[in-house]
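Listed below are the residues making up each chain.
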Amino acid sequence: GEQVEQRPPHLSVREGDSAVITCTYTDPNSYYFFWYKQEPGASLQLLMKVFSSTEINEGQGFTVLLNKKDKRLSLNLTAAHPGDSAAYFCAVGTEGADRLTFGKGTQLIIQP
Amino acid sequence: GPKVLQIPSHQIIDMGQMVTLNCDPVSNHLYFYWYKQILGQQMEFLVNFYNGKVMEKSKLFKDQFSVERPDGSYFTLKIQPTALEDSAVYFCASSLTGPNERLFFGHGTKLSVL
């Protein structure tokens, strides 16, 4: 079945710097992807949903890149601010399956 | 926005007892899910439920696990009997049309089996 590896598990950057979180997946039939953000004590909140037809996806303060050839999905936070401190999870969906496979998560800390 | 509510937020029980975790999904959603997250580890799929039936379940969904959603009531995960390794945070999620759409997650129920 699908395997998703997310790196790094922990990331600390200074306020204003960029932060990059990457997920690699194994199933070539994967065609929809999600990034979720989880603040302490809160539920997972959707950051962005990506279909395999779109390689560059712009959000507010971040960009999601999908490299289908390398089976790699990345979340790039630009100019990080304290509100970005949270756990981030990628999730991958495969055609014909009724489940998402999550990465292990990245704990991101933004230092002032 | 739409919310998924989970009750209780924390449950402590003795090994071998039965426990029921309750989820109130988004009102017009049709697909319901349970995920299990052990501290520091990834969120792992347990089960997907649609139209009164289990659509897919993982190997983590042991025989001691069951799910149901009687009409108009909570979507529940029952574990009977519980084991020590069942200690985890259990997240309920719902979606309107299936797992390729956005999942709305609850805050999770932390289950501690002693």
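Data block above holds the structure.
Residues numbered from 1 in each chain as written. Chains lettered and ligands numbered in written order. Predicted model: local features only at pLDDT ≥ 70, side-chain atom pairs only at ≥ 80, totals over all residues. Heavy atoms only, no water.

> What am I meant to see in the overall build of chain B here?
For chain B, the helix and strand inventory stands at zero helices and eleven strands. The order of α-helices and β-strands along chain B, N terminus first, is β-β-β-β-β-β-β-β-β-β-β. Whereas a compact globule of 114 residues would reach a radius of gyration of roughly 13 Å, chain B reaches 13 Å, a difference of no more than 12%. When its C-alpha atoms are laid out on the principal axes, chain B stretches across 35 × 25 × 25 Å. Of all 114 residues assigned to chain B, the portion counted as buried reaches 47%. (Helix = DSSP H or I, 4+ residues; strand = E, 2+ residues; numbered from the N terminus. Rg over C-alpha atoms; globule rule 2.2 N^0.38 Å. Buried < 20%, exposed > 50% of the residue type's maximum accessible area, 1.4 Å probe, protein only.)

> I would appreciate a short explanation of the state of the cysteines in the present structure.
Residue and element names in this part refer to chain B. This structure, assessed with the given rule, holds two disulfides over all chains. Between the sulfur of Cys 23 and that of Cys 92 lies a disulfide, 1.9 Å long from S to S. For the disulfide bridge between Cys 23 and Cys 92, the dihedral angle about the S-S bond is near -65 degrees, and by the sign convention the bridge is left-handed. You can see Cys 23 sitting in strand β3 (residues 19-24) and its partner Cys 92 sitting in strand β9 (residues 88-95), a full 69 residues away along the chain. By relative accessible area, which is 0% here, Cys 23 ends up buried. (Disulfide = S-S within 2.5 Å.)

> What exactly am I supposed to notice about the side chain of Gln 42 of chain B here?
Secondary-structure assignment places Gln 42 of chain B in the loop between β4 (31-37) and β5 (43-50). A polar side-chain atom of Gln 42 of chain B sits 2.6 Å from the main-chain carbonyl oxygen of Phe 102 of chain A. Those residues in contact with Gln 42 of chain B that sit more than four places away from it in its chain are Phe 102, Gly 103 and Lys 104 of chain A together with Lys 36 and Gln 37 of chain B. (Polar contact = N/O pair within 3.5 Å; in protein donor to acceptor, adjacent residues only side chain to side chain. Contact = heavy atoms within 4.5 Å.)

> Could you clarify how one ought to interpret the sheet that holds strand β8 (residues 72-77) of chain A in this entry?
The strands that make up a sheet pair up through hydrogen bonds in the backbone, lying either parallel or antiparallel. Residues and elements named next belong to chain A. As summarised here, the arrangement of the five strands in space is β1-β3-β8-β7-β6, forming an open sheet in which the pairing is antiparallel. Of all strands in the sheet, those with a lone pairing partner are β1 (4-7) and β6 (56-58), marking the two edges. Averaged over neighbouring strand pairs, the angle between their axes works out to 15 degrees when direction is ignored. Pairing analysis gives six bridges linking strand β3 (residues 19-25) to β8, with the strands arranged antiparallel. The residue bridging Ala 19 from the neighbouring strand is Leu 77, located in β8. (Pairing = 2+ DSSP bridges. Axes fitted to C-alpha atoms, helices over the stretch in contact; angles between N-to-C directions.)

> Looking at this structure, I do not really get the nonpolar core. What am I missing?
For soluble globular proteins, nonpolar side chains are generally found buried alongside one another. The biggest cluster of nonpolar side chains holds 24 residues, and the ones touching the most others in it are Trp 35, Val 64 and Leu 108 of chain A. At the level of elements, β2 (10-14), β3, β4 (30-38), β5 (44-51), β7 (62-67), β8, β9 (86-94) and β11 (106-111) of chain A are the ones that each hand at least two residues to this core. Setting aside chain neighbours within four positions, we find Val 64 of chain A in contact with Trp 35, Met 48, Val 50, Glu 55, Ile 56, Asn 57, Leu 73, Ser 74 and Leu 75 of chain A. Membership of the second largest hydrophobic core comes to 23 residues, among which are Val 26, Ala 88, Cys 92 and Phe 104 of chain B. (Core = buried A, V, L, I, M, F, W, Y, C linked by side-chain atoms within 4.5 Å.)

> I tried to follow the interface of chain A and chain B on my own but got confused; where do I start?
When the parts come together, some accessible area is lost, and that loss is often what is quoted as the size of the interface. The interface is formed by 21 residues belonging to chain A together with 21 residues belonging to chain B. In total, about 1900 Å² of surface goes out of reach between chain A and chain B, with carbon and sulfur atoms giving 52% of it. Considering only the surface of chain A that becomes buried against chain B, Asp 98, Arg 99 and Phe 102 of chain A emerge as the three largest contributors, covering 34% of it. Where chain A meets chain B, there are two salt bridges. Put simply, chain A and chain B have six residue pairs in polar contact (both at pLDDT 80 or more) between them. Those elements that place two or more of their residues in the side of chain A that touches chain B are β4, β5 and β10 (100-102) of chain A. Taken together, the residues of the side of chain A that touches chain B break down into twelve nonpolar, five polar and four charged. (Buried area = accessible area lost by both parts, 1.4 Å probe. Salt bridge = Lys/Arg side-chain N within 4 Å of Asp/Glu carboxyl O. Nonpolar A, V, L, I, M, F, W, Y, C, P; charged D, E, K, R; others polar.)

> Looking at this structure, how should I read the environment of Leu 60 of chain B?
Relative to the elements of secondary structure, Leu 60 of chain B occurs in the loop between β6 (53-57) and β7 (65-68). Here the alpha-carbon distance between Leu 60 of chain B and Val 47 of chain B, two residues 13 residues apart in the chain, equals 8.9 Å.

> Which parts of the structure should I look at to understand the packing of aromatic side chains?
For any pair of aromatic rings, the description rests on two quantities: the centre-to-centre distance and the angle between the ring planes. Applying the stated criterion to the full structure yields 16 aromatic pairs over all chains. Ring centres 5.4 Å apart and planes at 35 degrees place the aromatic pair Phe 32 of chain B and Phe 75 of chain B in the tilted group. Taken together, the residues Phe 32 of chain B in strand β4 and Phe 75 of chain B in strand β8 (residues 75-79) connect sequence positions 43 residues apart. Since its relative accessible area comes to 5%, Phe 32 of chain B is described here as buried. Judged by relative accessible area, which is 0%, Phe 75 of chain B ranks as buried. These aromatic residues form a ring-pair network of at least three members: Tyr 31, Tyr 32, Phe 34, Tyr 36, Phe 51 and Phe 102 of chain A together with Tyr 35, Phe 45 and Phe 105 of chain B. (Phe/Tyr/Trp six-rings, centres within 6.5 Å; stacked < 30°, edge-to-face > 60°.)

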